[in-house]
Amino acid sequence: MARVKFLCDADRCIECNACVTACKNENEVPWGINRRRVVTINDGKPGERSVSMACMHCTDAPCAAVCPVDCFYTTADAVVLHSKDLCIGCGYCFYACPFGAPQYPKVGNFGSRGKMDKCTYCAGGPEADLSPAEFQKYGSNRLAEGKLPLCAEMCSTKSLLAGDGEIIAQIYKERVVKRGYGSGAWGWQTAYKETIAI
Amino acid sequence: MRLGAQLRFLALGLMLALAAGFATPSSAQQINPTASAVKEQQFLDALKGNKDAELQGRITIPDGKAATLERPAGREWRAFHQGTMFRIAAIAVLGTLLLLTAFYLIRGRIRIEAGPSGRTITRFNGFERFTHWLTASCFIILALSGLNVTFGKAVLLPLIGPAAFTDISIIAKWSHNYLAWPFMVGIALTFLIWIKDNIPSGADLQWFAQGGGLIGKGHPAARRFNAGQKVIFWSVVIGGAALSLSGFYLLFPAYAGGVLNLQFWNSVHGIVSVLMVAIILAHIYIGSLGMEGAFDAMGSGEVDLNWAREHHSLWVEEEMRKGGVHKDPALQPAE
């Protein structure tokens, strides 16, 4: 099995927000939650930079480590998923996540935030693959259909890459060598404790 | 011919392309249009000086929190919560239980040396006992539901399975959230009704010097509360205030001002809680199993006069002057 990852080639991101929209539509994400977002650093200044970010499906994921009810699990493809049936909405994963991925459907007075929601790498949840219950809780399961996450699939500049970590790293390396520059695989050192050596 | 014209056009295009390729030096060919933009490595380098740094940007969705691109500080909190915090909690709780067991085995139950006198004296009135048990019952449930967050998945989850453990944890979370409020009321009342008897004094040093009568023989003189009880009082009041404040932010995360503050308040809440659990375990021990006659103070509110004389000699003298000592009805002469 592959170790799947996300890679945002920030030199190509044009902040079109198609990934954000694609994700919301494909997964019927609840109102107020954005599993993927595009952050623009130094907006409007020379050298502004946009990066598309979501759950990075970390190696040794901090969210899973701090969860008091152990509701997280890692699939054979190294996708970090969680069970909304087991989640108690305590907010610890939200404290621990370096990428701000975990979100809650309600604003949290009295800790009544509801069940945590985050990017599933379009891989659904613990329910039976492609079942209505799975879609209702977690959204689409494109991986079960043999497809990659929709955000990366429909990225207009192919800035956002998804797939086997080694293959997307190779694609990124070739791009950097060819064009002569690259701003780094955003989040990889934090998520995977490694970066792409060019 | 059409085909010939097309071929000529293609050849021209190729020549132009080649000419352009030769004319421009290879370095100028690789212009980096985003050379002045931040690279991830610069952010990671900046982190080495300031662990709490966040990489912030602008976002087009209304959720302001989402503007943080990366916040590696979560790793420090994780290391604290799963490592340091876990060890401190385990040592505080298990260590205290171990010490109390050892103390019981060595010292045994502390008896009323002169034996029960049959005469009683009012130690705590109804309102004082209400305040104590309000705070105490809330604390026990808050402590158990809090310990469940730290130790539940290691201790309880393997025993009862994930579904039942989640049900228990949800009940625990709701009781924690709601019982926090009567607990805060209890802490405030505790402070108000007992502050006058808990001002530190010179006699407290004497009490500590004599080991509080816990070690060795003899009982140091004490007023209504001895130095050990004053330590419990101030731990409960100050610890309770710290738990109330940190708990408030955890209950209302919107007021905490960011995840880094929530990580801080969560750490404060955890450490203060387990220290309180350790102190209260000792308090429960000495107030029940550890000392003959002590439980009556918070049970019926009436303590035996000999017990009071041994542990709170100065207070008994004051009460005697006020005439607060009752005779045992059984000892009263028949009329």
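None of the values given here were measured: they were computed from a predicted structure.

**Q** Sorry, what's going on with the overall build of chain B here?
**A** Counting its secondary structure elements, chain B contains 13 helices and 5 strands. Across the 335 residues that make up chain B, the buried fraction comes to 27%. Across chain B, contacts joining residues at least 24 apart in sequence account for 70% of those joining residues at least 6 apart.

**Q** Would you explain the overall build of chain A in this entry?
**A** Across its full length, chain A carries 7 helices and 6 strands. Ordered by position in the sequence, the α and β elements of chain A form the string β-α-β-β-α-β-β-α-α-α-β-α-α. The globule rule puts the C-alpha radius of gyration for 198 residues at 16 Å, and the 17 Å found for chain A is close to it. Every one of the 198 residues in chain A was classed for burial, and the buried ones make up 52%. Of the contacts made within chain A by residues no fewer than 6 positions apart, 55% connect residues no fewer than 24 positions apart.

**Q** Looking at this structure, I do not really get the pairing of strand S2 (residues 37-41) of chain A. What am I missing?
**A** Looking along a regular strand, one sees the side chains alternate between the two faces of the sheet. Residues and elements named next belong to chain A. Most of S2 sits out of view: 4 of its 5 residues are buried. Here 5 bridges tie S2 to strand S3 (residues 49-53), and the two strands are oriented antiparallel to one another. By the bridge assignment, valine 38 is partnered in S3 with serine 52.

**Q** Explanation requested: the confidence of the model for chain A in the structure shown.
**A** Reading predicted coordinates in detail is not appropriate for stretches of low pLDDT. Summarising the model, chain A shows a mean pLDDT of 92, and 97% of its residues fall at 70 or more. Taken element by element, the predicted model of chain A shows its lowest mean pLDDT in helix H7 (residues 188-192) of chain A (92) and its highest in strand S5 (residues 80-82) of chain A (97).

**Q** Just checking my understanding: could you explain the interface of chain B and chain A for this structure?
**A** How big an interface is tends to be stated in terms of the accessible area lost upon association of its parts. Counting from both sides, the interface comprises 50 residues of chain B and, opposite them, 46 residues of chain A. Among the secondary structure elements, those contributing two or more residues to the side of chain B that touches chain A are helix H3 (40-49), strand S2 (68-70), helix H4 (74-107), helix H5 (126-155), helix H7 (162-194) and helix H10 (259-287) of chain B. In terms of residue class, the side of chain B that touches chain A is made up of 22 nonpolar, 17 polar and 11 charged.

**Q** Even after reading the chapter, I still don't get the pairing of strand S1 (residues 4-8) of chain A, so can you show me in this structure?
**A** Residue and element names in this part refer to chain A. The buried fraction of S1 amounts to 5 of the 5 residues, a majority that puts the element mostly inside the structure. Going residue by residue along S1, you find Val4, Phe6 and Cys8 tucked away on one face and Lys5 and Leu7 tucked away on the opposite face as well. Across 5 bridges, S1 lies against strand S6 (residues 160-164) in antiparallel orientation. Looking at the pairing, phenylalanine 6 lines up with alanine 162 of S6.

**Q** Please explain H5 of chain B as it appears in this structure.
**A** Helical geometry: 3.6 residues make up each α-helical turn, so side chains three or four residues apart lie on a common side. All names here are of chain B. Most pronounced at valine 149, the bend in H5 amounts to some 60 degrees. Residues of H5 that are buried: Thr131, Thr135, Cys138, Phe139, Leu142, Ser145, Gly146, Asn148, Val149, Thr150 and Gly152. Turning to H5, the residues buried within the fold contact H4, helix H6 (157-160), H7 and H10.

**Q** Please explain the nonpolar core as it appears in this structure.
**A** One broad trend across soluble globular proteins is that nonpolar side chains are buried collectively. Ranked by size, the top nonpolar core spans 75 residues in total, and within it Cys8, Cys93 and Leu160 of chain A carry the most contacts. Excluding its chain neighbours within four sequence positions, the residues that come into contact with leucine 160 of chain A are Phe6, Cys8, Cys19, Ser52, Cys151, Ala152 and Cys155 of chain A.

**Q** Is there a simple way to explain unusual backbone geometry in this structure?
**A** Across residues other than glycine, the phi torsion is negative in most instances, and most of the peptide bonds are trans. All names here are of chain A. In this structure, glutamate 28 takes a positive phi of about 50 degrees despite not being glycine. Among the secondary structure elements, glutamate 28 is positioned in the loop between helix H1 (18-27) and S2. Even without being a glycine, asparagine 42 presents a positive backbone phi close to 55 degrees. Its place among the elements puts asparagine 42 in the loop between S2 and S3.

**Q** Please clarify how the packing of helix H9 (residues 227-251) of chain B against H10 of chain B should be interpreted in this entry.
**A** To describe two helices that pack against each other, one gives the angle between their axes and the distance between the axes. Residue and element names in this part refer to chain B. In the contact formed by H9 and H10, the axes pass within 9 Å of each other and the chain directions differ by 150 degrees. Between H9 and H10, the interaxial angle falls into the category roughly antiparallel. Between H9 and H10 lies a crossing whose hand is left-handed. Every residue of H10 that contacts H9 at Ile232, Ser235, Gly239, Ala242, Leu243, Ser246, Gly247, Tyr249 and Leu250 is listed here: Asn261, Leu262, Trp265, Asn266, Val268, His269, Val272, Ser273, Leu275, Met276, Ile279 and His283. Residues of the contact of H9 with H10, tallied by class, amount to 12 nonpolar, 9 polar and no charged.

**Q** Looking at this structure, I do not really get the confidence of the model for chain B. What am I missing?
**A** Residues and elements named next belong to chain B. Mean pLDDT over chain B: 85, with 87% of residues reaching 70 or higher. Taken together, the stretch residues 9-26 has pLDDT below 50 and engages in 1 contact with residues farther than four places along the chain or on a different chain. Per the prediction output, this complex has pTM 0.85; the corresponding ipTM is 0.88.

Conventions used here
- Residues numbered from 1 in each chain as written.
- Chains lettered and ligands numbered in written order.
- Predicted model: local features only at pLDDT ≥ 70, side-chain atom pairs only at ≥ 80, totals over all residues.
- Helix = DSSP H or I, 4+ residues; strand = E, 2+ residues; numbered from the N terminus.
- Buried ≥ 20, exposed ≤ 12 C-beta atoms within 10 Å, placed from the backbone.
- Contact = placed C-beta atoms within 7 Å.
- Rg over C-alpha atoms; globule rule 2.2 N^0.38 Å.
- Pairing = 2+ DSSP bridges.
- pLDDT = per-residue confidence, 0-100.
- Nonpolar A, V, L, I, M, F, W, Y, C, P; charged D, E, K, R; others polar.
- Bend = angle between axes of the 7 residues up to and from the residue.
- Core = buried A, V, L, I, M, F, W, Y, C linked by C-beta atoms within 7 Å.
- Axes fitted to C-alpha atoms, helices over the stretch in contact; angles between N-to-C directions.
- Parallel < 35°, antiparallel > 145°, perpendicular 65-115°, else oblique.
- Left-handed = near helix turned anticlockwise from the far one by under 90°.

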